[in-house]
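# What the coordinates show
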Amino acid sequence: MNKPSNKKFWSGRFSKDSAELLDRFNSSLSFDKRLYKQDITCSIAYAKTLAHSKIISVSESEEIIHGLNKIFEE
């Protein structure tokens, strides 16, 4: 497994250090990257459930699912 880099994505763009809260929030990105397939799959299921429950329309659900599938492909 690759060792996570301590270099921030935005290093060099700002003159001040980021807030500790932001650093803690972003500290999980290396782990989160490994879960994107499961996250997208669950989000698709949730969009279908919302449409089935009539919380959003079927067309809204289809639009969300289309967008999620596009992200998945990228």
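See the structure shown above.
A short tour of the structure in this document, coming up. It should be emphasised that the depicted structure is a prediction, and the values quoted were computed from it without experimental measurement.

Time to look at helix α4 (residues 58-73). Compared with the 22 Å implied by 1.5 Å per residue over 16 residues, the 22 Å span of α4 between its first and last C-alpha is a close match. Of the residues making up α4, those classed as buried are S61, I65 and L68. Down the axis of α4, the sector holding all buried residues measures 65 degrees, keeping them to one side. Turned more than 90 degrees from where α4 packs its buried face, E62, E63, H66 and E73 sit exposed. Taken together, the buried residues of α4 touch α3 (36-52).

With that settled, the discussion passes to the nonpolar core. With 5 residues, the main nonpolar core is built from I40, I44, A47, I65 and L68. No other element matches α3, which puts 3 residues into this core.

This paragraph deals with the environment of N69. Tracing the sequence through the fold places N69 in helix α4. Sequence-wise, N69 and I44 are 25 residues apart; in three dimensions their C-alpha atoms are separated by 8.4 Å.

With respect to the helices and strands, S61 occurs in helix α4. Its relative accessible area of 4% is what places S61 among the buried residues. Non-local contacts of S61, meaning those with residues more than four positions away in its chain, are made with A47, K48, A51 and I56.

Thresholds, definitions, all that
- Residues numbered from 1 in each chain as written.
- Predicted model: local features only at pLDDT ≥ 70, side-chain atom pairs only at ≥ 80, totals over all residues.
- Heavy atoms only, no water.
- Helix = DSSP H or I, 4+ residues; strand = E, 2+ residues; numbered from the N terminus.
- Expected span 1.5 Å × (residues − 1).
- Buried < 20%, exposed > 50% of the residue type's maximum accessible area, 1.4 Å probe, protein only.
- Arc of directions from axis to C-beta.
- Contact = heavy atoms within 4.5 Å.
- Core = buried A, V, L, I, M, F, W, Y, C linked by side-chain atoms within 4.5 Å.

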